[in-house]
Amino acid sequence: MSKVEDFEELRPLLFSIAYRILGSVSDAEDAVQETWLRFDGSATRPTSTKSFLSAAVTRIAIDVLRSARVRRESYVGPWLPEPLLNDPYEDPARSVELADSVSMAALLLLERLSPLERAVFLLREVFAFGFDEIAVAVGRSETACRQLLVRARRHMQTGQPRFAADRQERQELAARFFDALSNGDVGGLRDLLAADVQLVGDGGGKAPQLARALMGAENVATVLGTVFPWLARIDVTFEPREMNGQPGAVFRDRDGRILHTLVLDVLDGRIQTIRAVINPEKLSHIGPVADAWAVDREWRAVRRETR
């Protein structure tokens, strides 16, 4: 095959590695593009194209993550990964690992790791690379990589997210949640939420957001069940969509532009965490983005007028 054909065949894998390291669709796409430029500029063909490209995208992603972490220290409010609608890489033998590792809960847990630990953990535990390939990718010895993996596993095991095993159960609970949300049914919402549920919003200072995470079934149900009916009056709609391997929805303004996304973590028949990405810079890969400030002003104005 030509270089282009070789690269395009492996693009889904490269993106999936980069996204899990970075938690950003746009940064992952940039890392994949930079990998292509390095591959295209190489005078010789590697013995293993997969190993060469995987190592290249890993090194690029590690460098990007190091600089991104400095920026995240001054991020306004909670930071959440960019929502991913579809993971392009599939491997039936690794389907469970791939699904669990792309959830927002898992990506946030990976933030506990250093960039090197994160890369080693993902390449070994999720993508099943050999230690010889991992050593080349991160520029460390195989022994050092094994030690990095031990430390990474220790960090991950202390907070490893647990998900409902039954996919259909998750989807049915999510359907009930969104029905109750549409109807402004505070009691119906409350019944679906864990007692210690959290509602977390990421606006990054670029869109309206909660001042802090909202805690408790009563508080979360009241806010969601009260606010959405007012948004519906100004023609805000939503479409249920799976995101990051979990049930969720994309919310749109009256012109069909993206307002925000919502992802639900489900466990033991209850919703444990609700994460909303509102920052417009994290939504543009999904489609045209709404003016969230304008929508916020409009629904508040309608609410004042009808009191």
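Residues numbered from 1 in each chain as written. Predicted model: local features only at pLDDT ≥ 70, side-chain atom pairs only at ≥ 80, totals over all residues. Heavy atoms only, no water.

**Q** Where do I start with the packing of aromatic side chains in this structure?
**A** Given two aromatic rings, one states the distance between the centres and the angle between the planes to describe the pair. The full count for this structure, using the stated rule, is 10 aromatic pairs. Linked through ring pairs, Phe177, Phe178, Phe228, Phe238 and Phe251 together constitute an aromatic cluster. The ring of Phe129 has Lys50 lying over it, and the distance from NZ or CZ to the ring centre is 5.4 Å. In this structure, Arg146 packs its charged tip against the face of Phe131, placed 4.1 Å from the ring centre. (Phe/Tyr/Trp six-rings, centres within 6.5 Å; stacked < 30°, edge-to-face > 60°. Lys NZ or Arg CZ within 6 Å of the ring centre and 35° of its normal.)

**Q** Which parts of the structure should I look at to understand the pairing of strand E5 (residues 258–267)?
**A** For a regular strand, side chains alternate in direction, first toward one face of the sheet and then toward the other. In terms of burial, E5 is a largely internal element, 10 of the 10 residues being buried. Relative to E5, strand E4 (residues 246–252) is paired through 5 bridges, and the arrangement is antiparallel. By the bridge assignment for E5, Phe251 is matched with His260. Taken together, the 7 bridges between E5 and strand E6 (residues 270–277) define a ladder with antiparallel strand orientation. If you follow Leu267 over to E6, its bridge partner there is Arg270. Between E5 and E6, which pair antiparallel and follow one another directly, the connecting turn spans 2 residues, one of which, Asp268, has a positive phi of 55°. (Buried < 20%, exposed > 50% of the residue type's maximum accessible area, 1.4 Å probe, protein only. Helix = DSSP H or I, 4+ residues; strand = E, 2+ residues; numbered from the N terminus. Pairing = 2+ DSSP bridges.)

**Q** I tried to follow a negative patch on the surface on my own but got confused; where do I start?
**A** Taken together, the side chains of Asp166, Glu169, Glu172 and Asp268 define an acidic patch exposed on the protein surface. Mapped onto the fold, Asp268 is located in the loop between E5 and E6. Its relative accessible area of 63% is what places Asp268 among the exposed residues. (Patch = residues over 30% accessible without salt bridge, like charges linked within 9 Å, V, L, I, M, F, W, Y side chains within 5 Å. Areas by Shrake-Rupley, 256 points an atom, 1.4 Å probe, with all protein chains shown as cover. Salt bridge = Lys/Arg side-chain N within 4 Å of Asp/Glu carboxyl O. Lys, Arg positive; Asp, Glu negative; His and termini not counted. Charge placed at Lys NZ, Arg CZ, Asp CG, Glu CD.)

**Q** Would you mind going over helix H8 (residues 142–157) with me for this structure?
**A** Every α-helical turn comprises 3.6 residues, leaving residues that sit three or four positions apart pointing alike. Here H8 spans 22 Å end to end across 16 residues, near enough to the 22 Å set by a 1.5 Å rise per residue. Restricting attention to buried positions, one finds in H8 the residues Cys145, Leu148, Leu149, Ala152 and Met156. One side of H8 holds all its buried residues, which, seen down the axis, span an arc of 105°. Seen from the open side of H8, the exposed residues pointing more than 90 degrees away from its buried face are Thr143, Arg154 and Gln157. As for H8, its buried residues are in contact with helix H5 (104–110), helix H6 (115–126) and helix H7 (131–138). (Expected span 1.5 Å × (residues − 1). Arc of directions from axis to C-beta. Contact = heavy atoms within 4.5 Å.)

**Q** For this particular structure, what's the right way to read the pairing of strand E3 (residues 237–243)?
**A** Sheet analysis places E3 next to E4, joined by 7 bridges and oriented antiparallel. Bridging across to E4, Pro240 finds its partner in Ala249. Linkage of E3 to E4, two consecutive antiparallel strands, is achieved through a turn of 2 residues, within which Asn244 is found at a positive phi near 50°.

**Q** Looking at this structure, I do not really get unusual backbone geometry. What am I missing?
**A** The bulk of non-glycine residues show a negative phi, and the bulk of peptide bonds are trans. Non-glycine residue Ala128 carries a positive phi angle of around 60°. Position of Ala128 among the secondary structure elements: in the loop between H6 and H7. Although it is not a glycine, Asp268 adopts a positive phi angle of roughly 55°.

**Q** How should helix H12 (residues 292–305) be read in this particular structure?
**A** Taking 1.5 Å as the rise per residue, H12 with 14 residues should run 20 Å; its terminal C-alpha atoms sit 20 Å apart, in good agreement. Turning to H12, its buried residues number three or more, namely Ala292, Val295, Asp296 and Trp299. The arc that holds every buried residue of H12, seen down its axis, measures 100°, which confines them to one face. Exposed and oriented more than 90 degrees from the buried face of H12 are Arg297, Arg304 and Glu305.

**Q** Before we go on, may I ask you to explain the nonpolar core in this structure?
**A** Burial of nonpolar side chains together is a common tendency in soluble globular proteins. Judged by nonpolar contacts, the single largest core of 50 residues is most densely connected at Ile17, Tyr19, Ile21, Phe127 and Val138. Those elements giving two or more residues to this core turn out to be helix H1 (3–22), helix H2 (25–41), helix H3 (49–72), H5, H6, H7 and H8. With 10 residues, H1 is the largest single contributor of residues to this core. Excluding its chain neighbours within four sequence positions, the residues that come into contact with Ile21 are Thr58, Ala61, Ile62, Leu65, Arg118, Ala119 and Leu122. (Core = buried A, V, L, I, M, F, W, Y, C linked by side-chain atoms within 4.5 Å.)

**Q** Explain the sheet that holds strand E1 (residues 193–202) here, please?
**A** The strands that make up a sheet pair up through hydrogen bonds in the backbone, lying either parallel or antiparallel. In space, the 6 strands of this open sheet follow the order E2-E1-E6-E5-E4-E3, with mixed pairing throughout. One side of each edge strand has no neighbouring strand; the edge strands of this open sheet are strand E2 (214–215) and E3.

**Q** Explain the packing of H6 against H8 here, please?
**A** Describing two packed helices takes the angle between their axes plus the distance from one axis to the other. Between H6 and H8, the shortest axis-to-axis distance is 8 Å and the interhelical angle comes to 90°. As far as their axial angle goes, H8 and H6 are roughly perpendicular. Residues Leu116, Glu117, Val120, Phe121, Arg124 and Glu125 of H6 touch H8, and the partners they reach there are Cys145, Leu148, Leu149, Arg151, Ala152, Arg153, His155 and Met156. Among the residues making up the contact of H6 with H8, the classes are represented as 8 nonpolar, 1 polar and 5 charged. (Axes fitted to C-alpha atoms, helices over the stretch in contact; angles between N-to-C directions. Parallel < 35°, antiparallel > 145°, perpendicular 65-115°, else oblique. Nonpolar A, V, L, I, M, F, W, Y, C, P; charged D, E, K, R; others polar.)

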